[in-house]
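Residue-level listing of the chains:
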Amino acid sequence: MTAAGIARLAGVGRAAVSNWRRRHPDFPKPVGGTETSPSFALADVERWLREQGKLAEVPLRERVWQQIAGHPAGAVTALVHAGCALLLVRDRSAAWPSLAELPDRRLVDLLPLALEETLTERLGPERAVRTPTSSALSGSVALLRGAAELAAETGVRQTFEFLLGRHLDANPRQYTLTPPGPAALMAALAGATAPTETAATEGAAEAGTPTASGSPTDAGTPAEAERPLALTPLTVLDPACGTGSLLSAVERPGAVCGQDADPDLAALTALRLALSSDGDIRVRSGDSLRADAFPTLAADAVLCHPPFNERNWGHDELAYDPRWEYGFPARTESELAWVQHALARLRPGGTAVLLMPPAAASRRSGRRIRADLLRRGALRAVVALPAGAAPPYGVPLHLWVLRRPVHGERPPAELLLVDTASEHTGQGRDGQGRDGQGRDRLDWAAVHTAVLGAWTPFDRDGTLVGAPGASRSVPVIELLDDDVDLAPARHLPPPAAAEGAAQLAGVRERLTETLRRTRELTPPPVTDPAGAAGIGRLTTTVGELARAGALVLRAGGVGTTPADAPVAVLTDHDVLAGQPPSGALPDGPPEEPVLLAAGDVVVPVLGGGAAVRVVDATAAGAALGRNLQLLRPDPAALDPWFLAGFLRATANNRQASSYASTATRLDVRRLQLPRLPLAEQRRFGERFRALAAFEDALRQTSRLGDQLVQGLYDGLADGTVAP
């Protein structure tokens, strides 16, 4: 395990681990890694922490994860071994207890046979997961026993999802992930998730059909309202399955087929799907374009997040491939090769949904293929997602919805275009990203509703009235020009002028009121006549106060979503931006998060900026996010605003910061504040509270000013505002 893992075990910062190594000669010696990033043996670290009174017991889930991270054959091999054992526990629950009672050597000898039978029965003989040998399993016995024990507590699927999630979080640059938000939306567009009763009722009401309660609307047929809510089992393919995020979003599949060029990812996906579904799982390794593992498949749906901007996708050797029904893709158009591969693996009438870079909708090198997709009715919709939806997070990606034409049917006359760029921020999270670039704050419920609210009636009727600036069905003939540009923003009319003018008037009124409040809150610069109020003042540190019991220190970044209710997460970006909690806890085995209470003081530990937040009613009850430190003062000893104000001082932050090659980290325990009576603390605290209110007003003024200025620019440009 690394120093970061030790810090997580002990609930301290990495700087504390470095101090322990320097100050304690008996601290465990490194057993691997490098000089700048050494690794240590879990057993040695656990023993030392317990002897020092810094650890009561290593949680089981943390112990199993550390066995994964420190496995001599690598974390991926360890995950595969753990997944195989968990599949044995799941599918042959009666066999595992007798195997677990055996000595390690005997267990290693007998386990491969049991795994071979289980894997073959569940995944088939041509599976992506190879049965581990006895020699390969010899270093994994403790891991397998620990994983099975954890599964008994939390479930096999939850255990594997937790371990896989930790591995993916620890290696963010190694994998291109599809977050849960877009994955669920893509599955819904492909018909691979069951519609909710509310969605079915709303769709019936929009079409003028009787609702589920039996109350008729203006017109329509009862048959439309009686469509079943249950999902028909489908055969679903992902030809670039990665870690299986898209296939995992499919509800009750009949058969799931996946392929990935990385054998490790294919194996992990196969195990992930087998542990979470009873459907027919067929996952293979190999390049789908060059060596298709499912050449005769006629799938009901294809979901795909293909690799972007690949030059070496097989352009030279695949020139005469029969899949290029709509034209031979240029070397720079690898995404259009994946589009045609997806169409080739669909049954007639089947639906494919691909996550695409926005350039694929407008590059001139792909205009002939786009034109043929439109003429023949294969491309049915292009949806622009907000920036931050999926990697690369800085680009607003597109969803292409395609349908394999049915022989003899007339091609549709219109294409649906949807732009969800306005559905940008909210209080929920999708999933997987938490770095302050917008991923945590995407309102996926609003995006999901907007897209399906346009797609469902369009798919049923072939046309859509649409909403200005949000959605519209465009006649195909209008798009077949020299560019065949399918970017939704270029074909959607601006929002209604009256609505835009009213909105600008409201922004102006709010800005005027905020400016008035800002003027009232502007603090007067009261100075000490002697000019030396702070000279000779006795000080203490946060670490000393924690040891004395005047405050409690807690590190953020742990916990999972409770079963009873979701919990918002206060992220480091929220603290820096002065906004309400915008993150959400990940799914996984139950683990208690650190919940905030009014009066807590929260400090970001990365970035080197001076930012501190006193928790109020808007953040109370939220969970503490990553890279944040919580200070919970004893109100009989410390005033929270006094504490927050002095912690924010520039000189204080400078002396408590350490510097790495790419980041600055704050050691909260080294922050200083003066020793003052509680009454004097409260006098300082009131002044610090007034400064915080003034700062919030300035932030609001800046946001409203930016909104008003941009709105006036847009209004003057589109004619909704008179010059």
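Calculation notes
Going along each chain's sequence as written, the residues are numbered from 1 onward. Given that the model is predicted, a residue must reach a pLDDT of at least 70 before its local features are reported, and side-chain atom pairs must reach 80 or more before they are shown or counted; all residues, however, enter totals for whole chains, interfaces and linings. Each side-chain value is worked out from all heavy atoms of the structure, with water and hydrogens disregarded. Here a strand is any run of E in DSSP of at least two residues, a helix any run of H or I of at least four, and the numbering for each starts at the N terminus. Burial classes follow relative accessibility: with a 1.4 Å probe on protein chains only, a residue under 20% of its type's maximum area counts as buried, one over 50% as exposed, and anything between as partly exposed. Whether two residues are in contact is decided by their heavy atoms, any of which lying within 4.5 Å being enough. Computed with the Shrake-Rupley method and a 1.4 Å probe, the accessible areas treat only the protein chains shown as cover for residues. Aromatic rings from Phe, Tyr and Trp, with only the six-membered ring used for Trp, were paired whenever their centres fell within 6.5 Å, and each pair was classed as stacked if the ring planes differed by under 30 degrees, edge-to-face if by over 60, and tilted otherwise. Counted as over-ring charges are cases with an Arg CZ or a Lys NZ within 6 Å of the ring centre that also lie within 35 degrees of the ring normal. Each residue carries a pLDDT value, the predictor's own confidence for that position, ranging from 0 to 100. In the sections that follow, a salt bridge refers to a side-chain nitrogen of Lys or Arg positioned within 4 Å of a carboxyl oxygen of Asp or Glu. As used here, the arc is the angular range of directions from the helix axis to the C-beta atoms. In this analysis an axis means a line fitted to C-alpha atoms, helices contributing only their contacting stretch, and an angle means the value between N-to-C directions, from 0 to 180 degrees. What sets the label is the angle itself: under 35 degrees gives roughly parallel, over 145 gives roughly antiparallel, 65 to 115 gives roughly perpendicular, and the rest give oblique. Should the near helix be turned anticlockwise from the far one by less than a right angle, the crossing is termed left-handed; should it be turned clockwise, right-handed. Polarity classes work like this: nonpolar for Ala, Val, Leu, Ile, Met, Phe, Trp, Tyr, Cys and Pro, charged for Asp, Glu, Lys and Arg, and polar for all others, with Gly in that last group. Strands were regarded as paired on the criterion that DSSP finds at least two bridges between them. What goes into a patch is any residue over 30% in relative accessible area without a salt bridge, connected to like charges within 9 Å or, for nonpolar side chains (Val, Leu, Ile, Met, Phe, Trp, Tyr), within 5 Å. Only four residue types enter the charge count, namely Lys and Arg as positive and Asp and Glu as negative; His and the chain termini do not. Charge positions come from single atoms, namely NZ of Lys, CZ of Arg, CG of Asp or CD of Glu. Crossovers are marked right-handed if the path from the first strand over the helix to the second runs clockwise, as seen with the strands pointing away from the viewer.

1. Points about the overall build of the protein
Phase 1 of the analysis: When helices and strands are tallied, the protein shows 25 helices and 22 strands.
Phase 2 of the analysis: For the protein, buried positions account for 48% of its 723 residues.
Phase 3 of the analysis: For the protein, the share of sequence-separated contacts (at least 6 apart) that also reach a separation of at least 24 residues comes to 71%.
Phase 4 of the analysis: Summed over all atoms, the accessible surface of the protein reaches about 33800 Å², with 53% contributed by carbon and sulfur.

2. Concerning the packing of aromatic side chains
Phase 1 of the analysis: In the structure shown here, the tally under the stated rule is 11 aromatic pairs.
Phase 2 of the analysis: Sitting over the ring of F684, R683 keeps its end group 5.9 Å from the ring centre.

3. Focus on the confidence of the model for the protein
Phase 1 of the analysis: Confidence in the prediction for the protein averages 84 pLDDT; 85% of positions are at 70 or higher.
Phase 2 of the analysis: Contacts for the low-pLDDT stretch residues 425-440, under 50 throughout, to residues beyond four places or in other chains number 45 contacts.

4. Description of the pattern of salt bridges
Phase 1 of the analysis: Counted by the stated rule, this structure contains 36 salt bridges.
Phase 2 of the analysis: Note that R364 is salt-bridged to D483, the shortest N-O span being 2.7 Å. Remark: D483 occurs in the loop between α19 (476-479) and α20 (497-521) and R364 occurs in the loop between β7 (346-356) and α17 (367-375); sequence separation between them is 119 residues.
Phase 3 of the analysis: The class of R364 is partly exposed, set by a relative accessible area of 46%.
Phase 4 of the analysis: Accessibility expressed as a relative area gives 37% for D483, which makes it partly exposed.

5. Here's the deal with helix α3 (residues 42-51)
Think of an α-helix as turning once every 3.6 residues; residues three or four places apart then point the same way.
Phase 1 of the analysis: Those residues of α3 that fall on the buried side of the exposure criterion are L42, V45, E46, W48 and L49. Buried residues of α3, seen end-on, are gathered within an arc of 165° and therefore sit on one face of the element. In α3, the exposed residues that point more than 90 degrees away from the buried face are A43 and E51.
Phase 2 of the analysis: Of the surrounding secondary structure, the elements contacted by the buried residues of α3 are α1 (3-10), α2 (14-23) and α4 (60-69).
Phase 3 of the analysis: Positive phi shows up at G53, right after α3, with a value of about 75°.

6. Side note on unusual backbone geometry
Phase 1 of the analysis: Cis geometry is found at the peptide bond from P391 to P392, where omega equals -5°.
Phase 2 of the analysis: Mapped onto the secondary structure, P392 falls in the loop between β8 (379-384) and β9 (398-403).
Phase 3 of the analysis: One non-glycine residue, R252, lies in positive phi territory at about 45°.
Phase 4 of the analysis: Considering the arrangement of structural elements, one finds R252 in the loop between α14 (245-248) and β4 (255-260).

7. Brief notes about the packing of helix α9 (residues 141-154) against helix α10 (residues 156-170)
Phase 1 of the analysis: At a minimum axis separation of 7 Å, α9 and α10 run at an interaxial angle of 120°. In terms of orientation, α9 lies oblique with respect to α10. As for the relative orientation of α9 and α10, their crossing is right-handed in sense. For the pair formed by α9 and α10, the contact residues are A147, L150, A151 and T154 on the first element and V156, Q158, T159 and F162 on the second.
Phase 2 of the analysis: Of the residues assigned to the contact of α9 with α10, the class counts are 5 nonpolar, 3 polar and no charged.

8. Overview of the pairing of β4
Phase 1 of the analysis: Counting buried residues along β4, 6 of its 6 residues qualify, which places the element largely inside the surrounding structure.
Phase 2 of the analysis: With burial as the criterion, each face of β4 is covered, one bearing A255, C257 and Q259 and the other bearing V256, G258 and D260.
Phase 3 of the analysis: As paired elements, strand β3 (residues 235-238) and β4 share 4 bridges and run parallel to each other. By the bridge assignment for β4, T235 is matched with A255.
Phase 4 of the analysis: As defined by bridge partners, β4 adjoins strand β5 (residues 280-285) across 6 bridges and the pair is classed as parallel.

9. Some points on the sheet that holds strand β18 (residues 623-624)
Phase 1 of the analysis: The strand order across the open sheet built from 3 strands is β15-β14-β18, with neighbouring strands paired in mixed fashion. Whereas interior strands pair on both sides, the edge strands pair on one side only; in this sheet they are β15 (583-584) and β18.
Phase 2 of the analysis: In the sheet, strand β14 (residues 568-570) pairs with β15 via 2 bridges, with the strands oriented antiparallel. Its bridge partner lying in β15, A568 is registered against A584.

10. Some words on the sheet that holds β7
Phase 1 of the analysis: Strand order in this open sheet of 9 strands is β5-β4-β3-β6-β7-β9-β8-β10-β11, and the pairing throughout is mixed. Among the strands making up the open sheet, the edge pair consists of β5 and β11 (471-475). With strand direction ignored, the average angle separating the axes of adjacent strands in the sheet is 15°.
Phase 2 of the analysis: The sheet strands contacting helix α16 (residues 334-344) are β6 (299-304), β7 and β9, and the helix crosses β7 at an angle near 155°.
Phase 3 of the analysis: Running over the sheet, helix α18 (residues 444-461) touches β8, β9, β10 (414-419) and β11 and is turned about 170° from β10.

11. A closer look at a positive patch on the surface
Phase 1 of the analysis: Taken together, the side chains of R23, K54, R547 and R669 make up a positively charged region of the molecular surface.
Phase 2 of the analysis: Along the polypeptide, R23 turns up in helix α2.
Phase 3 of the analysis: On the basis of relative accessible area, R23 is assigned to the exposed category, the value being 61%.

12. Focus: the packing of helix α7 (residues 104-123) against α9
Packed helices, taken two at a time, are described by the angle their axes make and the gap between the axes.
Phase 1 of the analysis: Here α7 crosses α9 at 80°, and the two axes come no closer than 10 Å. Judged on the interaxial angle alone, α9 and α7 are roughly perpendicular. Only V141, L144 and R145 of α9 make contact with α7, whose side of the interface consists of D104, L107, V108 and L111.
Phase 2 of the analysis: Residues belonging to the contact of α7 with α9 are distributed by class as follows: 5 nonpolar, no polar and 2 charged.

13. Re the side chain of H71
Phase 1 of the analysis: Relative to the helices and strands, H71 is located in the loop between α4 and α5 (75-91).
Phase 2 of the analysis: Overall, the relative accessible area of 8% leaves H71 in the buried class.
Phase 3 of the analysis: With sequence-adjacent residues up to four places away left out, H71 is seen in contact with A78, H81, G139, S140 and L143.

14. Some details on the environment of A693
Phase 1 of the analysis: Here A693 lies in helix α25 (residues 678-718).
Phase 2 of the analysis: In this structure A693 touches R517 and L521, once residues within four positions along its chain are discounted.

15. Observations regarding the pairing of β7
Phase 1 of the analysis: Burial analysis of β7 places 8 of its 11 residues in the buried class, the great majority of the element.
Phase 2 of the analysis: Following the chain from β6 across α16 to the adjacent parallel β7, one finds a crossover that is right-handed.
Phase 3 of the analysis: As paired strands, β7 and β9 are joined by 6 bridges and run antiparallel to one another. Considered in β9, the bridge of V353 is made with V401.

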